[in-house]
Amino acid sequence: MARAKEEIIANLKQLVVDMEDDETAKVAQEYVDAGYEPYDAIMDGLVAGMNVVSDYYDQGEYFITDVLIASDAMYNGLDVLKPHLKQDEGMESQKTVVIGVVEGDTHDIGKNLVTIMLDVSGFKVIDLGKDVPLQKFVDTAVEENADIVCMSTLMTTTMPGMKTVIDGLEEAGVRDKVKVMIGGGPVSDKFAEKIGADCYTETAVDAAKAAKKLCGLD
């Protein structure tokens, strides 16, 4: 008899926190075999677990090696679940998001979570990584005809770079076509308004919802 959906989801969340990378894939397969909706396992299991890991890292309880192993666990589960996702309604015409951590900052856990959530929500995600040169956001947005540029930082010293990117989009003549989303610890709604960004979000789940809304897909 199959385990209850909620029980398996809770198990997946804990496996990510416990960095059990091999076991996560097995439990994800159990979830799929039981016929449950994969999106819920990704959101409430894998991503929720990674959010806990991120909190532990911020609190100094986990080190970067722990985060990397936990990420492996999350991706192992995601590899099993993702092929069974049904693409969101309204996403047939796929929208493109360019995402990265701004130049001078190498903290990318939050950015990685947002990337996953955008991916499973049906977006084409171009992940530029961390410590991204500011002009690269602009150039990639133009080259890929992006719908959204998404930037993050955890350092106050690199926050002004977000405004530089927005100004670059203006100079390239594409600002009216490209929405700008920002996030990260020191960032706020007030800062987003100040630099002319379209949206600030606090969590990965909120970011995916906001992206859909900005693209008129909500």
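Here the residue index of a chain counts from 1 through its sequence in written order. A pLDDT threshold of at least 70 governs which residues receive local features in this predicted model, and a stricter bar of 80 or more applies before side-chain atom pairs are shown or counted, although totals over entire chains, interfaces and linings include all residues. The side-chain numbers reported here are obtained from all heavy atoms of the structure, hydrogens and water having been left aside.

Draft legend 1. Representation of the nonpolar core within the structure. Ranked by internal contacts, the top residues of the largest apolar core, which has 47 residues, are I42, L46, M50, L81 and M181. Residue assignment for this core shows that the elements contributing at least two residues are α1 (5-17), α2 (21-33), α3 (38-58), α4 (64-81), β1 (96-101), α5 (109-120), β3 (148-152) and α9 (204-214). Helix and strand labels come from DSSP, where a helix needs a run of H or I of at least four residues and a strand needs a run of E of at least two; each type is numbered from the N terminus. Per-element accounting of this core gives the leading share, eight residues, to α3. Buried residues of nine kinds, namely Ala, Val, Leu, Ile, Met, Phe, Trp, Tyr and Cys, make up a nonpolar core once their side-chain atoms join them within 4.5 Å. Throughout, exposure labels follow a simple rule: accessible area from a 1.4 Å probe, protein chains only, divided by the maximum for the residue type, with under 20% read as buried, over 50% as exposed, and the rest as partly exposed. By size, the runner-up hydrophobic cluster in this structure holds 27 residues, among which are V102, A141, V165 and V178.

Draft legend 2. Molecular detail of a negative patch on the surface. Two joining distances apply to patches: 9 Å for like charges and 5 Å for nonpolar side chains (Val, Leu, Ile, Met, Phe, Trp, Tyr), and every residue must have over 30% relative accessible area and no salt bridge. For accessible areas, the Shrake-Rupley method is used with a probe of radius 1.4 Å. Any residue's cover is judged against the shown protein chains and nothing else. Think of a salt bridge as a Lys or Arg side-chain nitrogen and an Asp or Glu carboxyl oxygen that are within 4 Å of each other. We treat Lys and Arg as the positive residues and Asp and Glu as the negative residues; His and chain ends play no part in the count. In plain terms, the charge of a residue is placed at NZ if it is Lys, CZ if Arg, CG if Asp and CD if Glu. The grouping of D18, E20, D22 and E23 at the surface amounts to a negative patch. Along the polypeptide, D22 turns up in helix α2. Residue D22 is classed as exposed on the basis of its relative accessible area, which comes to 56%.

Draft legend 3. View of the packing of α4 against α5. Axis lines are fitted through C-alpha atoms, for helices just across the contact stretch, and the angle between N-to-C directions can take any value from 0 to 180 degrees. Put simply, α4 and α5 touch, their axes get as near as 12 Å, and they point 5 degrees apart. It follows from the interaxial angle that α4 and α5 lie roughly parallel. Judged by residue contacts, V67, M74, Y75 and L78 of α4 engage I109, L113, I116 and V120 from α5. Classifying every residue of the contact of α4 with α5 gives eight nonpolar, no polar and no charged. For classification purposes, an angle smaller than 35 degrees is called roughly parallel, one larger than 145 roughly antiparallel, one from 65 to 115 roughly perpendicular, and anything else oblique. Contact criterion: two residues are considered in contact whenever any of their non-hydrogen atoms come within 4.5 Å of each other. Under this grouping Gly is polar, as are all residues other than the nonpolar Ala, Val, Leu, Ile, Met, Phe, Trp, Tyr, Cys and Pro and the charged Asp, Glu, Lys and Arg.

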